[in-house]
Amino acid sequence: MLLASSLLKQLVDSVSSRDGKMPVTTGRFGPLVGAIDEGTSSTRFLVFSARTSEVIASHQMEISKMYPQEGWVEQDPVVILDAVKECIQRTVDKLREQDVEPGDIVAIGITNQRETTILWDSTTGKPLYNAVVWQDMRTSSTVDLLLEAIPNKNQNYLKPLCGLPLSPYFSALKIRWLMDHVPEVQEAINKRHCLFGTVDSWLIWNLTGGKNGGVHITDVSNASRTMLMSLEHLRWDHKLCRFFKVPVDILPQIRSSSEVYGNVAEGPLRGVPIAGCVGDQQAALLGQNCTKEGQAKSTYGTGCFLLYNTGAAKVKSTHGLLTTVAYQMGPSAAPVYALEGSVGVAGAALGWLRDNINLLQDISETESLAETVGGTGDVYFVPAFSGLYAPYWQQDARGSTLSVPRSRLVCFQTRDILEAMNKDCGIPLSKLQVDGGMTTNNLLMQLQADLIGISVMRPVMTELTSLGAAMAAGSAAGIEVWNMDSIKPVPCDSFKPRISEDAIVANPCVPERDQRYSKWKMAVERSFNWDNSKV
């Protein structure tokens, strides 16, 4: 808790109230900082004490997904918004039960699932279609058509501008599909009523007034995941917009990750400034205190995302990683960049075991069940439910059981990304900081350390993504940028590699972890090209 304590203690020392004066700290917890954490599987609202870093109150709700066709993943934008409002109300109720007034909340930050695409009508405030979730693969055929018009069908053709390969993962393809297939979208565009946003934009627009003056913005970290923003200039790029035929006037204004965008228009937090906005993986990078070049973290949630802070440098990956904006802590601050490796399926595979295969009653059972297994018999499962992301970018890969227990698959995928990062950056990590819901599984963390050969560090403080959003909001509410050098390392549980560096009988010249990894690579290769399968 030392990291959070140090960060949020500084909120107390330097945060300003909404009228520019130091806040009156009549409550026993002092000033509070709120964080909306809208993920793929759930929505939460947390309130941190700026004096102690303690989570004073929180509420969480699951968010369901819809699968209209194979490979399609949708959510209802209204359900997302209603869940956020209910989480806020329930959390405020819990504060009042402790004799804490919501007026002690000096700012709110938002962190969100990225790439998920929402189009709505600015005059009615209603969505024009369901949210197309980041996991959705319906635009695979659109990608194929675009590749036909690109020299040598180069998937990285646009990467020098936006840092991203051409993939169904990113928002531009989803916008294009909605424009082509939903008549209401094209009609709203023709009338200049259509607005686009990732989940952060949808929430901020609605919370600041919606059709009655809502603020239509996004931050640089979320904009960098659309394939429409210039990494160099941090603005919508006209060449990219022309390539995808996306009208610039439907796009939100791009702002920094830490500034006051507007105030909550109604409800129990009316008047509180929304002052921070960071994509969920970048928020975790902040919360983990990976604010120096060369630091990295891996988040194990619905997917698995490993970010490596590259500072002011926009490192161009030649090994399948993404170049992205990590954050920008204020309008005049320099942006910080990162290399990212994205794994589409991590915790989602456990949900598949529970909901589709009925092997589990509860995801929490996985650790105890895995511990009862003496060996895996060299059975390898490749969870390519939405194709394979980094470092392969194979949209036609499919889930395959070829001959690793379910909890181990994400460990191999993480090693894939670390191998690519080592090649791109030239400096191997000496340890890996982790967070996310899956990290409560001790067996998984030990397996990860065994397979990558370095220590895995799991912070005792679990709410790091939300903390990152709170940090951004607190800074914009009047905190001078904190001195990161003075922040003590966060206390962690450490998992050290147990696999011997010695070889095993199968190949006496290769260490055991590398033999296992070689078999994984063979399994991955056999999952490719199933849309053009010869079987």
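As the structure is a computational prediction, the values presented were derived from the model and not from experiment.

1. A word on the pairing of strand 19 (residues 431-435)
Regular strands have side chains that alternate between both faces of the sheet.
In step 1: Taken across its 5 residues, strand 19 has 4 buried, putting it largely inside the fold.
In step 2: Of the strand pairs in this sheet, strand 13 (residues 296-300) and strand 19 are connected by 3 bridges, and their pairing is parallel. Across the sheet, the residue bridging to Lys297 is Gln433, located in strand 19.
In step 3: As defined by bridge partners, strand 19 adjoins strand 20 (residues 455-459) across 3 bridges and the pair is classed as parallel. If you follow Lys431 over to strand 20, its bridge partner there is Ser455.
In step 4: On the question of chirality, the crossover connecting strand 19 to the parallel strand 20 by way of helix 14 (residues 442-452) is right-handed.

2. With respect to the packing of helix 2 (residues 77-97) against helix 7 (residues 199-207)
In step 1: Following both chains from N to C, one finds helix 2 and helix 7 inclined at 60°, their axes separated by 11 Å at the closest point. Overall, the two elements helix 2 and helix 7 adopt an arrangement that is oblique. Handedness of the crossing formed by helix 2 with helix 7: right-handed. In contact with Pro77, Val78, Ile80, Leu81 and Val84 of helix 2, helix 7 contributes Val199, Trp202, Leu203 and Asn206.
In step 2: A per-class count over the contact of helix 2 with helix 7 returns 8 nonpolar, 1 polar and no charged.

3. Description of the pattern of salt bridges
In step 1: Counting across every chain of the model gives 18 salt bridges.
In step 2: Its salt-bridge partner being Glu101, residue Arg96 comes within 4.0 Å of it at the nearest N-O pair.
In step 3: Taking relative accessible area as the criterion, Arg96 reaches 39% and is therefore assigned partly exposed.
In step 4: Among the salt bridges present, the one from Arg225 reaches Glu115, with a minimum N-O distance of 2.7 Å. Of this pair, Arg225 sits in the loop between helix 8 (220-223) and helix 9 (238-244) while Glu115 sits in the loop between strand 5 (105-112) and strand 6 (118-121); the two residues are 110 residues apart in sequence, bridging distant segments of the chain. Each of the two residues, Arg225 as well as Glu115, counts as buried.
In step 5: Overlapping salt bridges bring together Arg114, Glu115, Arg225, Asp280 and Glu340 as one network.

4. Here we look at the confidence of the model for the protein
In step 1: When pLDDT is averaged across the protein, the result is 80; 73% of the residues are at 70 or more.
In step 2: Note that residues 480-486 has pLDDT below 50 and, in this model, 14 contacts with residues that lie over four places away or in other chains.
In step 3: Scored below 50 in pLDDT, residues 502-507 shows 13 contacts in the model against residues more than four places distant or in partner chains.

5. A closer look at the sheet that holds strand 11 (residues 258-263)
In step 1: One open sheet holds the 6 strands; their spatial order is 3-2-1-5-12-11, and the pairing between them is mixed. Taken across any chain shown, the strands that pair with only one partner, and hence form the sheet edges, are strand 3 (55-62) and strand 11. When strand polarity is set aside, the average angle formed by the axes of neighbouring strands in this sheet is 25°.
In step 2: Bridging between strand 1 (residues 32-38) and strand 2 (residues 42-49) involves 7 bridges; their strand directions are antiparallel. Bridging across to strand 2, Ala35 finds its partner in Leu46.

6. A look at helix 14
In step 1: Where burial is concerned, most of helix 14 is hidden: 9 out of the 11 residues are buried.
In step 2: Within the span of helix 14, buried status applies to Leu444, Met445, Gln446, Leu447, Gln448, Ala449, Asp450, Leu451 and Ile452.
In step 3: Between the side-chain oxygen of the N-cap and the backbone nitrogen of Leu443 there are 3.1 Å, and the N-cap of helix 14 in question is Asn441.
In step 4: Just downstream of helix 14, Gly453 is the residue with a positive phi angle, here 75°.

7. Considerations on the side chain of Glu463
In step 1: Assignment of secondary structure puts Glu463 in the loop between strand 20 and helix 15 (464-476).
In step 2: Beyond its immediate stretch of four places on either side in the chain, Glu463 contacts Arg44, Leu46, Phe48 and Val55.

Parameters at a glance
Residues numbered from 1 in each chain as written. Predicted model: local features only at pLDDT ≥ 70, side-chain atom pairs only at ≥ 80, totals over all residues. Heavy atoms only, no water. Buried < 20%, exposed > 50% of the residue type's maximum accessible area, 1.4 Å probe, protein only. Helix = DSSP H or I, 4+ residues; strand = E, 2+ residues; numbered from the N terminus. Pairing = 2+ DSSP bridges. Right-handed = clockwise from strand over helix to strand, strands pointing away. Axes fitted to C-alpha atoms, helices over the stretch in contact; angles between N-to-C directions. Parallel < 35°, antiparallel > 145°, perpendicular 65-115°, else oblique. Left-handed = near helix turned anticlockwise from the far one by under 90°. Contact = heavy atoms within 4.5 Å. Nonpolar A, V, L, I, M, F, W, Y, C, P; charged D, E, K, R; others polar. Salt bridge = Lys/Arg side-chain N within 4 Å of Asp/Glu carboxyl O. pLDDT = per-residue confidence, 0-100. Polar contact = N/O pair within 3.5 Å; in protein donor to acceptor, adjacent residues only side chain to side chain.

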